[in-house]
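# Commentary on secondary and tertiary structure
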Amino acid sequence: MAIFLTLIAVMIVGYYILKKYNPIFTFLFSGLMLLIFAFYFFGVPIPKAPAREASSLLDVILDSFALITATFKAQLAGVGLIIMSVAGFAAYMKHINASAKLAFLANKPLGKVKNKYLILSGTFVVGMALKMVISSYAGLLLLLLACIYPVLIALKIRPITAVSVLSLIALDYGPKDGNSINMADMVGQKDNVVGLFLNYQLWVVLAYVAVIAALIPFYFAWVDKKDEARGVLMDAAETPKIINPQCPTFYILFPWLPLVFLFAAYFLGIKLDVITANFASIALVFCVEFARHRDAKRLGEDTIVILRAMSEIFVSVVSIIIAASVFAEGIKALGGVGILAGSVSALGEGKFASLAVLVSMVVLSFLVYGFAMIMGSGIAAFNAFGRLAPDIATRLGIAPITLVLPIEIASCLGRAASPIAGGIIALAGFAKVSPMDIIKRTTPLLLIAMLVNIFVSFYLSRL
């Protein structure tokens, strides 16, 4: 019964999100309803609620809202603030044109490559490298559309092919990425985000980049020939103007500052958190900006840019993390996840231990992939189901990170497969095609990427 109710709850929530209901409201409301339902029908106490001999309906409702309050406090004092500091720094880099300058100069070597399909592979590799410092998927794609897309069009690459390759620059990774920070928090290692990146996440990312970069020239050459034979989507495109952002060339070093601080601290054995690294980087850039412009008032205006970005990321990301966390508590309260985890862990005690781990990775990863497609948001899907994974991993006798990692990667790939994701819509608008035209071309590569993700993650679980 518990498993059946859990599946029904997930399906209902998926239905309303598919119907374009706000995911924050949907997760919060459904989480509250599930907690109250589980209390009365299964006797499951509300998490973080005071112990009582008897509870009225009003007590249960208030305890449920107390859980939301506790979740807000925990997230805003932890992962939420970290993500907001990352967003503030990224917005400042965009404001002073440092990130745009970095993207502009990154495309210079591409023009020297003769084979246009190898140029596409190079673009993908360069974009994935930039993703480490420009953590927003949609934000990076907009930069690439301004700086690299015009170069691709000038080199006679079809618009639909160019934007399809750009959409594959999808993985959220690195010590200053919000998803990575959230992943570290899920596995109880929020102060070890650099270590988790170097020991786990980096290997999945490298495998993804190597496989997709190798496939791009062959796959898109075949797709273009197929389209040409059918006479579809072959209209000539107007070459956009290439704009060189107005800022000193050495500004391309600024987006890397938090990473430099974090890696240096990690290898020197110095305790340094992501928030401090971001604000220290902002302070350093403030000094350079003041020396350049000699205008203290300008720095005050820049501070508003940073704070505004922090507030916007709270609405678009942190609030979803909070709401999805409440929903995850509701799903846990139904008991279906616990029963499945117990069954899988029992299987993992014998000679089928490896199979249990593999099945868990496949099921959870593709579940998150599917929900990310529906929502157009990787962070929402990851938080809704990623928080269920550590319990399962512990029962399987593996480190929680080895099960949470493929789910995190799957959420990014699912977002890249979503026709309602902001980045995909922006790409489609530039190329003047339908978002589904992009998705149809990239889905085979994304599914291959899912297999690579699961294979590498499974290998890491055996180490």
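The present account deals with the structure reproduced in this document.

Cut-offs applied
Residues numbered from 1 in each chain as written. Predicted model: local features only at pLDDT ≥ 70, side-chain atom pairs only at ≥ 80, totals over all residues. Heavy atoms only, no water. Helix = DSSP H or I, 4+ residues; strand = E, 2+ residues; numbered from the N terminus. Rg over C-alpha atoms; globule rule 2.2 N^0.38 Å. Buried < 20%, exposed > 50% of the residue type's maximum accessible area, 1.4 Å probe, protein only. Contact = heavy atoms within 4.5 Å. Areas by Shrake-Rupley, 256 points an atom, 1.4 Å probe, with all protein chains shown as cover. Lys, Arg positive; Asp, Glu negative; His and termini not counted. Charge placed at Lys NZ, Arg CZ, Asp CG, Glu CD. Axes fitted to C-alpha atoms, helices over the stretch in contact; angles between N-to-C directions. Parallel < 35°, antiparallel > 145°, perpendicular 65-115°, else oblique. Left-handed = near helix turned anticlockwise from the far one by under 90°. Nonpolar A, V, L, I, M, F, W, Y, C, P; charged D, E, K, R; others polar. Core = buried A, V, L, I, M, F, W, Y, C linked by side-chain atoms within 4.5 Å. Phe/Tyr/Trp six-rings, centres within 6.5 Å; stacked < 30°, edge-to-face > 60°.

Summing up its helical and strand segments, the protein chain has 21 helices and zero strands in all. On C-alpha atoms alone, the protein chain measures out to a radius of gyration of 23 Å, which is about the 23 Å that the 2.2 N^0.38 rule sets for 463 residues. In terms of overall dimensions, the protein chain has a C-alpha envelope of 70 × 60 × 45 Å along the principal axes. By residue count, 53% of the 463 residues in the protein chain fall in the buried class. Looking at the protein chain alone, contacts between residues at least 24 apart form 79% of all its contacts between residues at least 6 apart. Looking at the protein chain as shown, the accessible area adds up to about 20100 Å², and 69% of this sits on carbon and sulfur atoms. Here the protein chain holds 35 positive side-chain charges and 23 negative ones, and the gap between their average locations is 8 Å.

All right, on to the packing of helix α10 (residues 178-186) against helix α19 (residues 400-416) then. Where α10 contacts α19, the axes come no closer than 10 Å and their chain directions differ by 150 degrees. What the angle tells us is that α10 and α19 run roughly antiparallel. With respect to the hand of their crossing, α10 and α19 are arranged in right-handed fashion. Residues Asn179, Met183 and Met186 of α10 lie in contact with α19, whose contacting residues are Ile401, Val404, Leu405, Glu408, Ser411 and Cys412. Its residues placed into classes, the contact of α10 with α19 shows six nonpolar, two polar and one charged.

Moving on: the nonpolar core. Judged by nonpolar contacts, the single largest core of 151 residues is most densely connected at Phe27, Phe124 and Tyr208. Not counting chain neighbours up to four residues away, the residues in contact with Phe124 comprise Val165, Leu168, Ile169, Tyr208, Val209, Ile212, Ala213 and Ile216. Counting seven residues, the second largest nonpolar core, distinct from the first, contains Ala38, Ile46, Val60 and Leu67.

Below, the discussion takes up the packing of aromatic side chains. Throughout the structure, instances matching the rule amount to 20 aromatic pairs. On the basis of an interplanar angle of 85 degrees and a centroid distance of 5.2 Å, the ring pair of Tyr92 and Phe286 is categorised as edge-to-face. Here Tyr92, found in helix α4 (residues 79-95), pairs with Phe286, found in helix α13 (residues 274-293); they are 194 residues apart in sequence, far enough to count as distant. Given a relative accessible area of 0%, Tyr92 falls into the buried group. For Phe286, a relative accessible area of 18% gives the class buried. Ring geometry for Phe327 and Phe385: centres 6.5 Å apart, planes at 85 degrees, overall edge-to-face. Residue Phe327 is located in helix α14 (residues 296-334), and its partner Phe385 is located in helix α17 (residues 378-386); the two are separated by 58 residues in the primary sequence. A relative accessible area of 1% means that Phe327 is categorised as buried. Here Phe385 falls in the buried class, since its relative accessible area comes to 3%.

All we've got here are geometric facts, nothing functional implied.
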